[in-house]
Every structure is written in structure tokens, then in C-alpha cells.
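What follows is the residue order along each chain.
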Amino acid sequence: MRIATSVLLLLPLAHPLLALKAHDFKTCSQSAFCRRGRALAERAPTAGSSWHSPYTIVPSSVALSSSASSFTSSVKSELYPDINFELEVRIHEDGVVRVRMDEVKGLRKRYDEASSWALVREPSLKNVKDVKWVKGKNEVKGVYDDVEVRVQYQPLKVSLWKGGREEVVLNGKELLHMEHFRVKEEKKEPETAEGGAEQAEQAVLQAPARPTAWFEGEEEDGLWAESFSTWTDQKPKGPESLSLDIHFPGHANVYGIPQHASPLSLPTTTGPSPHYTDPYRLYNLDVFEYLADSPMSLYGSIPFLHAHSAESTVGIFNAIASETWIDVSHPTEDSTLTHWVSESGILDVFLLPGPTPEDVFKQYARLTGTSAMPAHWALGYHQCRWNYISSEDVRSVQKRFDEDDFPLDVLWLDIEYSEEHKYFIWDAKNFPDPVAMVNDVAALGRKMVVIVDPHLKRVSTYPVYEKAKELDVLVKGRDGKEEYEGWCWSGSSAWVDFFHPGSWDWWKSLFRLTDGKDKDSWRWVDSTENVHIWNDMNEPSVFNGPEITMPKDNVHYGGWEHRDIHNINGMLFQNLTSQAITTRGSTPKRPFVLSRSFYAGSQRLSAIWTGDNMGSWEHMAVGIPMVLSNGIAGMTFAGADVGGFFGNPDPEMLVRWYQVGIFAPFFRAHAHIDTKRREPYLLEEPHKSIVRDVIRLRYSLLSVWYTSFRRANADGVPILRPHWVMFPKDKKGFAIDDQYFIGDSGLLVKPVTKPGATETQVYIPEDQVYYDYFTYNAYRGSAAGKTITVSSPLEKIPLFIRGGSIVPTRARPRRSSPLMKKDPFTLTVALSQAELATGELYLDDGESFDHQKGDLVWRKFDAWTLKAAKRTRMTLKSSDMTKSGQTVVDGSLVAPGAYRADNAYAKSVQSVRVEKLVILGLPKKPTTVIVQGVAQKEGWTWEGGVAADGKKEGGASVLVIKNPNLKIVDDWLVEVEF
Amino acid sequence: MYSKLSLACLTLPVLTLPVYSKPVIPVGVDPQRASLYSPIPGTALWKCLDGSGEIPFSAVNDDFCDCKDGSDEPGTSACANGLFYCANEGHVSAKIRSSRVNDGLCEPECCDGSDEPSGVCPNICEEIGKEYRAAAEAEQKTRRTGAKIRSTYIAFAQKEKKRLEDAISALNIEVAEKRANEARVKDILERTEALDAAALAHKKESPLYRHLEDKNDILSSLLTSHAELKERITALEAVLDGLKRGYNPNYQDMAVLEAVRGWEALSGEADKDKDKEPAAADDSSAKPAEPPVEEEEWTLDQINEIKNKDVVSLLLEHEKHIGSSGITTEQATSLLYSLELYIPDAFLPIYQSAREWLVSTLSLLGVVTTPASTDSSSEISKARTSHSLALNALHNAENSLKSEQEALEKLFALDGFGKKGEWKKLKDVCLEKDTGEYTYTVCLFGSATQKSNRDGASNNLGRYSSWNTSPSTSPGELAYYSRQIYDHGAQCWNGPQRSVTLDLSCGTENALLSISEPEKCEYSFVGTTPALCWLDGEMEEAKTVKAEKHRRKEDL
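Our subject in this report is the structure included herewith.

Cut-off values and rules
Sequence order as written defines the numbering, with residues in each chain counted from 1. Each chain gets a letter, beginning with A, and each ligand a number, beginning with 1, in the order they are written. Local features in a predicted model are, by the rule used here, given only for residues with pLDDT of at least 70; side-chain atom pairs are given and counted only at 80 or more, and totals for whole chains, interfaces and linings are based on all residues. Hydrogen atoms and water are omitted, and side-chain values are computed over all heavy atoms in the structure. Here, any two strands with at least 2 DSSP bridges between them count as paired. A run of DSSP states H or I qualifies as a helix once it reaches four residues; a run of E qualifies as a strand once it reaches two. Both are numbered from the N-terminal end. All axes are obtained by fitting lines to C-alpha atoms, using only the stretch in contact for helices, and the reported angles, taken between N-to-C directions, cover 0 to 180 degrees. Residue burial is assigned from relative accessible area. The probe radius is 1.4 Å, only protein chains are included, and a residue is buried under 20% of its type maximum, exposed over 50%, and partly exposed in between. By definition in these notes, contact holds between two residues if any of their heavy atoms fall within 4.5 Å. Counting of polar contacts relies on pairs of N or O atoms within 3.5 Å, with two restrictions inside protein: one atom must be capable of donating a hydrogen and the other of accepting it, and residues adjacent in sequence are counted only when both atoms are side-chain atoms. Here a cavity means grid points, on a 1 Å grid over the protein atoms only, where a 1.4 Å probe fits yet cannot get out; a pocket means an open set of points with protein on both sides within 12 Å along at least five of seven lines; lining residues are those with an atom within 4 Å of a point. Grid points are joined across faces, edges and corners, and a volume is the space filled by probe spheres set on the points. Polarity classes work like this: nonpolar for Ala, Val, Leu, Ile, Met, Phe, Trp, Tyr, Cys and Pro, charged for Asp, Glu, Lys and Arg, and polar for all others, with Gly in that last group. What fixes the domain bounds is an automatic or database domain assignment. We call a pair of cysteine sulfur atoms a disulfide when they lie within 2.5 Å. Within this scheme, the nonpolar core is defined by two criteria: the residues are buried Ala, Val, Leu, Ile, Met, Phe, Trp, Tyr or Cys, and they are joined through side-chain atoms within 4.5 Å. Put simply, buried area is how much 1.4 Å-probe accessible surface two parts lose in total, over both of them, once they are put together. Under the pairing criterion, centres of Phe, Tyr and Trp rings, with the six-membered ring standing for Trp, must be within 6.5 Å; the plane angle then separates stacked pairs below 30 degrees from edge-to-face pairs above 60, leaving the rest tilted. Our definition puts a charge over a ring when NZ of Lys or CZ of Arg is within 6 Å of the ring centre and also within 35 degrees of the ring normal.

### Remarks on the sheet that holds strand β7 (residues 438-443) of chain B
Residue and element names in this part refer to chain B. Taken together, the eight strands give an open sheet; going across it, the order is β6-β7-β8-β9-β10-β11-β13-β12, and neighbouring strands pair in mixed fashion. Lying at the two open borders of the sheet, with one neighbouring strand each, are β6 (430-434) and β12 (511-519). Strand-to-strand twist of the sheet, defined as the mean angle between neighbouring strand axes without regard to direction, takes the value 20°. Alignment of strand β9 (residues 458-467) against strand β10 (residues 483-488), held across five bridges, turns out to be antiparallel. What sits directly across from Y464, in β10, is Y486.

So, in C-alpha cells, the structure goes:
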């Protein structure tokens, strides 16, 4: 105790910056329903064999549907025999199983719309012919492919079997509990009449034990009103929480349920010596100066979990929008138990059968959609600060970037651009010429991103607020009548209720670049097509609300309480803004809308970032698993602020952070208003030139990123691939979360996140050659996995090309990515040990939706080697990989019949050359280089070195073919004989 | 300003070329460097400029980067970090970075459009050249007008120099006089003291004296700690005032709100501020009103007077007071001692030894007894007083001399008022800018302030600390005088001490043009002054000076 106190006393002194206000946020023990859920879970093992689930299926009620693969049945709880529940099990076309349970004919209705926001469309069900239903005495079994869904009647249990193995079990540990709606019982005051005292005492003593106590506990714990700090949640609907155990008998690793600042492979929260003592929490919150290792809630929530073993992978999507706590433990070394406790909403769980990680990604993408195809420029470098203070400041920052030749695509404006934080309304004193300013930025092919937060200043001079009030689309207070008033940047504020359909068209109209039908309605005229939007504070953040967010008893459209929809709220705001940006001009353009809050499905909209991180090495490091974790939960367009939002990183930290940042899908530097300016041009040498080279590296790899985004857009596989995704059978890689692969490119990166590092250990998971990206030094892994040590001084990023990859790059530095449009390509062919290689390149106009009509270029590159008696020949081939009508997980890649190789986009880039071919790992000097059938006497150079095949390490052999006079859009062949 | 610098780096005057037979200059090559771009004689090869390799001459500008140094692609974007030469006929030639070549944009720096394939960018050099020359002419005009004003500053400095020199020579004489007098009086004091040192030592054993000494020590230490505490309180008050003014009520941080309310209550401001005296808030709101001095309370001056009293003199006076019951002897003997004041210096030793003899004899004879020492105490006390007066007078004169000498030195110091003293005229000249919410003031070489136009509350933004501290400039250069730093202003809540960077350029008026706060509590003022309107000759001079310095450094 004394130690603890002294630590507490010392900490604030030693680290005045590390100032999370932990008391602002709840722990499980401060949240009544979490307390109840955890108590239930603790009661079960102590009860021993007498423990059983009170929920049973009424066998006679089981009704198979004739038209589709599903059944419904009544469920009863022995605790409350008068309450009715209904269970529904559906089998989707792709084998995903959906399990729904709701209270029916109750006092009220549970919130059941979370899935309607999360799902991209209503999933189609398996053809009834393809499922065989078997009714047993105590179970009903659905059999399809090699999968069995077993639904046990008593006690209720749903399990998914695959290849004869039990993969997922719902209520296997019998912790399912759906608290039903009830009428609040008025507590009877003990009679105080004379002579009654004794009686009253007796009455208390004789109060009968609650019959449900064995399951629910002796005490009623916080069923109705509940206080936290100075706030009281009135909970007019009473208890309605949901407890559910999901057991993975054969999977020792679980990943997902972002967003938490925690390792990718989720550590335990219960059981013997758990890593964390609180459960993982999903409740979107604006956490000021969050901790770098914690299961606490952050800004976004995706209730999607992967369970993985060397044998199989399965996924769980729990479509719930209310506050949810998840305990993770390992009952045995090879199994994982998760216990989910949610405050409200129906049970709506999707079981994704896998069996590979890739299958799970595709199954999840079919449910919630793939990530949107971003605008190409959005993958460039974003420079942000709270705040660039005037239009002159913006121009001068841009100028300094150009003077020092740093590539830059986007300049950002935080909240101070607006007059009194009335978003849209420019502060005319500092931004007298917003459109001219944007045009000056756009003159170099750049964009601006301007912040629009969801809180509206409550003044009659603010047309946005006035209109929202007039339309009656503001979030209501607990009485459901008056608009809710809270505090945020703009002072006294109100929030648009984006659940209200009446807000949708109006919100979109605000962004319209030309007058619409309603000419008198206010719209943002001081904007252009080059302005995109940042939606911050959309958890929502409310400075004077409980846990810095909205009171849970606020009322939204349809009478739903804020508690029911909280985790979806932020996504809806980003959704409407994305739609607004897409449709504001004469032709639809891809929107860029950065959001801080997110939910399952947010990937369909645009980007998110990991929120207000701190300028510390710990935060730099944890940013990597956070971005990986978002990615495997679908939210692949994500990044952490380079440099850290708070604090003043030293030059070494800043350099390393840029090296981390360029390997995230979203690459933005940002800084708090209290920090020193730290734009890269302010660095001294050598740091300045190192950062310039780092940002240029990002730009040279933009084609790799864009192609990976297209891949993710097509099939839902994340852009950043952790080891367990790439090598699902390699147990040594299951917990690795500090190195990863980029899409299918074969690039493996391990950013350095430690001060003073000169060497870095990199895990090579396979018996394959890996080439250092910069030096072409060849390293070898082994089938059992091997850790190598590479030199990593400040200017060096450990970056490798996996043998067997062909990497397309554009080496010419430009000021912004649109200026690279006509630049030639370099193809680096990194031969595998089998002397093969493959790669792809996707291109389109980068901003319109014409790619959906077939205006695109998607090339496939293949290299192979044929050994003949006299000579060996390596062939490199470029071919078209787009097939018209090709289906992908989320519809079709291109409308059927629409694709033509000579489409308008392809024509616009038909002159773009391949300027250089670099072939790594040929065994000996070529005798002949043949381009399109013509032998080249000159124009290639050879540097001897290690061959791809074999066991040697060291500098790889390099063949450079200069200016082969090939076009990137064409089919061609290059042959090398030796 | 930045752009001008970089433009200066990249923009080179077009030089007339010698009229030999012109070789074909590859695209993007500066004609001055044309000779570097010819094949190795007798071959079709070309050597990379860093000597790192030989390539076919045909590979120069073939849109592929062959050389490590990128020198083979002066006219394309194939090599990173290269420079492309635009002739810009009709304007001034320029070199642009290779990242701008063939990027589809028409660079204003390359007005002839030669960096893009033909037909992409029109040649607008004539137009741009005209604008450029007009702008340059306007700038020259401003510079000439400003330079005239500046010459009056220089004349002022010359006048000031004359004044200081005169003052210094007068002060030199005064110091000499005062020094001689001090020496004389000191001599008297020493003799007087020597005479009585033993007696004094004995008297100092007096418990009363010791007690007095102790009390004095205690008083000193109390005063020190009192001063320290007072300083601390002032600092804390400043912090709390800053907090009160600067806290963001939007954060809803209860701890901060409580602190602010507590402070308002404590400083009795909550009501005062709201009800009346918004104008008086300027000064008094910064500090809680000082409690009125109670009658019995000692003022600091009084205490200091007591503390600084010469204890030895007091001891002697005390002796005298106790010993003398009447008046006469004191007066008489004092006359005897004071005589020495009237005796010419030359005779003084004789007189003193005679007096010593007389006194000791008389004492032996019992004619003069103990009271004599009392009398001598009084003499010592007087001698002390006159010495300290003389010493003070000397110090005053010396200080005046020193400050005038320093002023003279600073007048023409490179890091003071400039080589020609032109900035002296501007000392304490205050420039003001009203930005709507605040009025900003900087008094040159003094301090900078921010005053709220709403309630008049004012913030100290810092005091003058130096000219441009950037390592890229040094005293004597125009860039050095183009920036002043004011720092150690009032502490910011959750931020640093306020500071100002004042960037100045040539203009016909001393004026502030804009104010901004690019980083929290670090202000940027931009203004103009004729003091920076250097004529071309001076620019050259400054360059030569710099070059010379450089050379000398290298010689060393």
C-alpha cells in the first residue's frame, strides 16, 4: 500500500505529461451491468456442477423455414417463466451462421437496428437444398459443406463444427443472460407505526431469498438509476443487459475488437495472473492522453474477433452498438473463452467459419463491406497542425515544403479556422480569402482538409444550428423533447441526430458547390472541390458529459436512447459527410473524410486515425499493433499521428516516427496547439534530409499502396498483413505485431521504435530469400522460422522484398502525387529460391468512380525460369489481369461487359514508360537480353552477387535493364538468357 | 522573406557569353557550365561530373539517370536533386529543381516554359520580366526614400557620439577630482581608526554590541527571505492571473475552475471586476490590492535604514552618550579633533603625532581621562561619514563615466545599435498594432506588450534580448538586423514564457504590419523601418566584411 502511494505520488512529478485522467473513465466495477456480468461469470465456477444455463429452447416451437436456410424457436428462462424469448438461426450463402435472440411480447423492445447500420446489405441465405437439417431429441443440426451448426435445446447452446471439430460455442459456459424489461418495484418503506418496529425487523429478517439469486446474485445491483462522478443515468428502461460467453475450444489466439492500445494478439483479462485486470471495453470515448498499454475504450469500436490456431481460423461479429465489455481468458493452453457483456440491444452474432484468415476476411467483407477505394492523393503525405493560423500561414507552410522539396499532398486546418468554432464559417480576420487560399494549394495538385465537428454552437447567428433546430433534427435530452445542450469547443452546443432521416438531405445540401432546389437554404459557398473533410469529436465528445460523452439517457430518433446506439453514432456522421462530399459537385468524386470514431462498416466510408496519441516511444510503438488491429477488423485505411499529438518529439524520435508513418495506410503528421512547430523542413541536418528521403520513399511506393487498396477494396483482405495472416500455420508468428507485410506486394517492414537503435532483429518465417530493399543484400529464413539481425542506424528502415515478388515503383521525386501521373515505372523483380516472381499494379484516375465502369489498368507481372540443356532463360511477362464481370466479395469488380483494354483511362496513360527493370538473384551474367523479341546489345548492366537459388547470403546479383522502351499499359515480354 | 532568400539563391543574372563558336548546350544546362557537357575528346563518351563513371554522350539527357551524382540529366526529371537551368530571356535566368521538370506544371520561376514539353507552358517571361522590373524599381524607390530617413538616424548617432564624448571627458576630470578627495579622506579615517583600533576592539566585546550585531544579522536574513517570499508571491500571482485570463472554460476541468474561482475570491476581484473599474484593471487586476500599511507597521525603507546603520558608529555614539553627562567637553574635544579637517595635508602627520603625544600625555597626567576615547569615537564616526560621502561621490562619478562609455561603445557596436549607430534613434520608439481583439506594442530595445481591447488587461510579451540569433547570420549583415528577439515575458498557462520575434524589413516608416502567434505564446511581429534601408554599396560592404571574416577564420 505504501509503495503504491509513493508510486502514485511520484508519477505526476516524474512525468507531468503522462496525465491520463483515469478517474474520468469507468472501470468495470463502476459500471453496474459490467459488474453484474462479471459477477455472473465468477458465480459459475464456484457453483460447480449445480450451475446450469436457465435458458432452454421449447422443442415444439422449432420451426424450420421452408424458403430459406433458417429456423426460429421459442426460448424460455427458468428464472422468469413468464418472459418470452425467440431465437433465430440463419445460414448465409457463404456459410456464415447468424444467431439472433430477442425478448418478444415484452414490456418494451430491445434495440435491434445495429446490424442494419453495420451490414452492407441484407445477406442472402443458403439455398435450402444445400442445408440438411436434422432434428434430434435435444438438438437441431444444420449440415452443409463440412460444417455443422448444432443448436442444443436444454440448456440452450449453439456450436459450430467444422471438419468434425468444435470451433465456436455460444453459451457453452452457460453465462448467457438477457435481462428482460420489467416494471420498477417501489421499495416499501418499513412501517414505522408504534409497535410495528419489531414486526418490521422481523420482516427484514424473513425477507425470502430471491429465487433467481443462484444465477443473478442476492443483491439487485444498479438496475435502475446509476451514478458516476457527478452524473446520474436515470435508466428509465431499467436493466436490459446481455451477457454471452463465446468459447473457442481449439484456438489459443484471439485478435481484433479494436480499438485498444494493446498488443495485436489479445492478452488475457481474467483467469490466473491476467495481463489486464479490466475487460476490453468497447464504448467510443475521447480519452485525453490515453495509456499506451490498456484495455480501456478509445475512439472507435468494432465488435469483430478472430480466433486462430495453426489448424483453423474463425471469426465472430457481434452486431451490438451499446457499451460492451469483453473478458478474455484461456481455460486451457489451446483454447480461449471470451465473455461479452453489453448494456442493451438484442443478441445478434455472426459466426464466420473460415477456415483460413483470408476466408474470414472475405466472409466479414460480405457482411459489412470492403474498404472504400480511396482517392489516390489521400495516400500521400498529410500535414496537419492545431492550427495553421491564417491563410498566409497556410501559404507559407506550403512554400517551405516546396523550397525544401518535400512531397506533400494535403494541408489541414483544425478547428481554429472557424469563427468561434462555428464550423464552415471562416474566421474572416485570419482567413479572409479561403477560396483563393485553397486554389493556391490546389495549384500544385494538392488538397486541403478542413475540420467539421458534430457539435453546433447554439447561437441564432449560426445558420447551421438554426436550420437543424428548425428541422427538429437535434439530439434530445432525457425528456425526449428539448434539444440536448452540452459543452464542447464551441461552448454551449447541440448535436445533429444523424439517425434522423430528416437530417440527411439537409446535411448533404450544406456541402453542395452549386445552388440546389432550396436556393435560400444556407450552404458552404466558401469551399471548392479541393476541400475535403475531417470529422473529429464524433464519439461524440462532450466536455461536460459523463466520461466526456453524451448522457446515455439522451434520446435519438425513434425514441432510442443514446446508450442503444452510442458506438454507431460517429459512423453515421462520417457516412453523411462522405455522401455529401461525393455528391457535392457536378460529377461524383471519391470523398476523403477522416473520422476519429468508427464502427463495423466504417471501412466503406473513408479513413480513421488512432486519435490523440502522445509523442513518446511507447505510443509510437503501440501505434503499429493498433493500426494492424483496425485493419484485421476491416478498418484498413488507418494511421497514427506522426510525431504524436501531444509533446515535443526530439529529432531522432521524429525521424523514426516518419519511418513508422510511411508504412501505415493513412500517413499524417499532426501536433497539438501547445507544441512547438515541427514540420519536417524545420529539422536540422542530417534529420531533415533523412525525413525527406523517408517521405520520398512513401511516394515512390504509392503504386504499391494503391494496388493494395484496390485488392482490399475487392476482397476485404487488409492492406497491412500481420504474420499470422500471411503464415497461418507458423505458431512463432502468432504474437508478432511489430513487423508486417504490405498487401500482396511482398514488402516486409519492421519499423524501428526504440531510441538509439543501431540493429534490429527481424523474423523471417519461411525458407525463402528476402532482399534488403535498399542494398539488395540477400537474407535467408528457414522453414522453422529464423531471426536475423540487420543494421538499422537512424537513416535505415528494415524493409525487405520477399523472394518471388515484383514491386512497381516510381522513383522520381515530385511535390505532390498528382504530378507523378505521367512518370515512368521501375519494376524490381526479386526472384524466389525457385527463380519465380509475381506482382501486380493497379492504376486508375484516382478520383472519380469511372473505375467501376471499367476505366482502369490492372497489370499482372510474372517471371519464371526455364532451364534447358544449353542455356537457361528467365522470362518476364506483363499481362492484363482485369476480367470483365469478374466477381469479388462485394459485388462485381467492374460492371459485366464494361471493361475494355483500351478504356479512356488506359489511353490517357498509354505513353507512360517502364524506365527500368531491376532483376535480383539471377545465378550468372546473362548472355543475351531480349526485349519484345529484340536482343539488346547495350542498355543493361550486370553486377555479380548471390543468386536467389541456393543457400548463400550477401549482396544479390543485380541486372539492370535501362529504358527497355516498354509501356506500362501494354502486354510485353522480356527474356534473359544465361 | 524566405522566398526572397531562396530566389536569390536560385536566380542568377544572365551573363553575356563570349562569342566563340557555340557548342550545342544540352537542355537545362547553365551556359556558364556548357563546357562541362561535351564528350571526352576523341570519344563518344562522357564522364559524370563527379568522375564516378563514363557513359555514352548520347545518354546525357536521355531521361534515365546513369550517374550517381545525377549530372547526366540536367534537362529531365530522371535524377533526383538536380537543377534545371531556364534562360528566361526577357526576365532573369533561374535554376529550378529537377522535381519540377516535366511535371505538367508551369513554374513561375521558369517563365519561358522550357521545363515542360513544348506546347505545355507558354513563354510569359516578357510579362513577368516587366512586373519584376516594376517591382524591383518600386522597391528601389522605397529603399532610397528609406535610406534618406536612415541617414538622419546616422546623423543623430553622430550627434549622440559628440555628446557622449564631451560628457566622458568632463566625467573623466570629475572622477579624478573625486578620487583624490576620497584618498585624502580615507587617509584621515585610517589614521583615526588606527589610533583607536584597540579601544574599539574592546568595545566590540560589549554584550550590547554583540546583541545588536546578532539582531542585525537576523534582520538581514529576514529581509532576504521576505524579499524572496515576496518575489515568489508575485510570481505565483502572475501564474494565477495568467491562469485566470487564459484558461479555456471549454475544457470543463473542475480543478482549473476551482483554482480560478478560489483566486478570484482571494484577490477580491470577482466583484470588483464585474462591477466597476474595468479600466483600472490594467494594473491593479494583475495583483491583489496591497493591504494598506498599518500605522505601526514599518516600511521597507525604514527597516533598511535601520539595517544599514553603521553599527560601529552607533556603538561609539552610545559610548559617548553614556559617558557624557554634559555637553561642553564633547564640543571642545571635538573641535580639537576636527581641527585636522582644517589643517593642510602636508602638515597633517605632524599635527597628528603631536596630538597623539599631547593626548597620551594629558591622559597620563590624568588631565584627560576616559571621555577622551569617547571623543575619539565621535571623531572616527565623523571620519567615517565623510569618507563614505567621498566614496559615494566617487562611485557616482565613476558609474556615470562607465555608463556613458558603455553607451558610446554600444552606439557603434555591431551587436548594439549597428555599425553606424542608426538604431540608436529608435531606442524606446514604440510601434503599435491593433488587431481588433488586442493592441500589440513593441518599444524597440525595450519591451513588447499585448493589451486587451475589451478589458484593457495587459500581458508582458518579453523584453529585448538580442538581434537575430540564427547561426546563418552574423553581426554586420542585413539579415542580422532584420530580426529582434524579445523574451522572458509573462508565463503562459500550460505553455512557455511569452516571447516575440520581430521581423523587420526596409520601409519608409517605423510600423508594425502584422501580428501572429504561430506557436502558443510565441508571437511573430512583422514590421518595417527605414533603419534597414541599406543602399547597394552598404550591402556590398557587409558582404566584403563577412568574406574577410570568413577568410581570417580560415587563416587561423
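### As for the environment of K433 of chain B
Residue and element names in this part refer to chain B. If you trace the backbone, K433 turns up in strand β6. You can call K433 partly exposed: its relative accessible area is 26%. Along the sequence, K433 and G527 sit 94 residues apart, while their C-alpha atoms lie 9.8 Å from each other. Each residue touching K433, except ones within four places of it in the same chain, is listed here: Y438, T439, Y440, L512, L513 and I515. Looking at K433, its side chain comes within polar contact range of the main-chain oxygen of L513, at 3.2 Å.

### Topic: the sheet that holds strand β33 (residues 720-721) of chain A
Residues and elements named next belong to chain A. The antiparallel open sheet is built from seven strands, whose spatial order is β33-β34-β35-β40-β37-β38-β52. Edge positions in the open sheet fall to β33 and β52 (954-955), since each of these has one partner strand only. Sheet topology note: the strand β38 (residues 777-780)/β52 ladder contains two bridges and is antiparallel. Bridge pairing in β52 places N777 opposite G955. Of the strands in this sheet, β33, β34 (740-742) and β35 (747-749) are in contact with helix α15 (residues 702-715), which crosses β34 at around 90°.

### Some remarks on empty space enclosed by the protein
All names here are of chain A. Throughout the structure, instances matching the rule amount to eight cavities of 30 Å³ or more. Lining the largest cavity are 15 residues, and of these G623, V627, A640, V660 and A664 sit closest to its centre. Secondary-structure elements contributing two or more residues to the lining of the largest cavity are α12 (617-632) and α13 (651-661). The biggest single contributor to the lining of the largest cavity is α12, with four residues. Of the residues belonging to the lining of the largest cavity, the class tally is twelve nonpolar, three polar and no charged. In this model, the second largest cavity occupies a volume close to 90 Å³. Around the second largest cavity sit 15 residues that line it, and Y364, G369, G631, G634 and G716 are the ones nearest its centre. The set of elements that each furnish at least two residues to the lining of the second largest cavity consists of α6 (357-368) and α12. If one sorts the elements of the lining of the second largest cavity by residue count, α6 sits on top with three residues. When its residues are assigned to classes, the lining of the second largest cavity shows seven nonpolar, eight polar and no charged. Here the lining of the second largest cavity spans two domains, since at least three of its residues come from each of domain 1 (50-179 + 239-368) and domain 2 (378-456 + 533-696).

### Structural notes on the state of the cysteines
Residues and elements named next belong to chain B. The full count for this structure, using the stated rule, is nine disulfides over all chains. The disulfide partner of C86 is C110, and the S-S distance across this bridge is 2.0 Å. Measuring the twist about the S-S bond at about -110°, one finds the C86-C110 disulfide to be left-handed. Here C86, found in strand β4 (residues 83-86), pairs with C110, found in the loop between β5 (93-97) and α2 (125-204); they are 24 residues apart in sequence, far enough to count as distant. In this model C111 forms its disulfide with C125; the gap between the sulfur atoms is 2.1 Å. Note on the C111 and C125 pair: the S-S dihedral is about 100°, so by sign convention the disulfide is right-handed. In this pair, C111 sits in the loop between β5 and α2 while C125 sits in helix α2, placing the two residues 14 residues apart along the sequence. One exposure class covers both C111 and C125, and it is buried.

### A look at the nonpolar core
Residue and element names in this part refer to chain A. W507 and F663 are the most contacted members of the largest nonpolar core, which totals 222 residues. Those residues in contact with F663 that lie beyond four places of it in its chain are L697, R698, L701, W705, L720, Y740, I742, V749, I797 and L799. Judged by nonpolar contacts, the second largest core, of 56 residues, contains F71, L79, V151 and V328.

### Describing the interface of chain A and chain B
One widely used convention gives an interface's size as the accessible area the parts lose upon coming together. Each partner contributes to the interface: chain A provides 34 residues, whereas chain B provides 35 residues. In this assembly, chain A packs against chain B so that about 3000 Å² is buried in total across both faces, 43% of it on carbon and sulfur atoms. At the boundary of chain A with chain B, the tally comes to 22 residue pairs in polar contact (both at pLDDT 80 or more). Mapped onto the side of chain A that touches chain B, the elements with two or more residues apiece are α7 (391-403), β26 (486-488), β48 (913-920) and β53 (958-967) of chain A. Examining the composition of the side of chain A that touches chain B, we find that four residues originate from one element, α7 of chain A, more than from any other. Residue classes in the side of chain A that touches chain B are distributed as eleven nonpolar, four polar and 19 charged.

### Some remarks on the packing of aromatic side chains
Remark: the centre distance and the inter-plane angle together describe each pair of aromatic rings, the angle taken between the planes. Inspection of the entire model under this criterion finds 71 aromatic pairs over all chains. Consider the rings of W51 of chain A and W214 of chain A, whose centres lie 5.6 Å apart with planes at 70°: the pair is edge-to-face. Of this pair, W51 of chain A sits in the loop between α2 (32-47) and β1 (55-57) while W214 of chain A sits in helix α5 (residues 213-216), and the two are 163 residues apart along the sequence. W51 of chain A gets classed as buried once you look at its relative accessible area, which sits at 8%. Its guanidinium or amino end placed over the ring of W161 of chain A, R150 of chain A lies 3.8 Å from that ring's centre, counting from NZ or CZ. Directly above the ring of F156 of chain B sits K425 of chain B, whose terminal nitrogen or CZ lies 4.9 Å from the centroid.

### Observations concerning unusual backbone geometry
Residue and element names in this part refer to chain A. The step from W386 to N387 runs through a cis peptide bond, and the omega angle for that step is 20°. Tracing the backbone shows N387 in the loop between β22 (382-383) and α7. Residue P686 follows E685 across a cis peptide bond; omega there is 5°. Take P686: it is sitting in the loop between β32 (668-669) and α14 (687-700). For S229, which is not a glycine, the phi torsion comes out positive at approximately 55°. For S229, a relative accessible area of 59% gives the class exposed. For E835, which is not glycine, the phi torsion reads 60° and is therefore positive.

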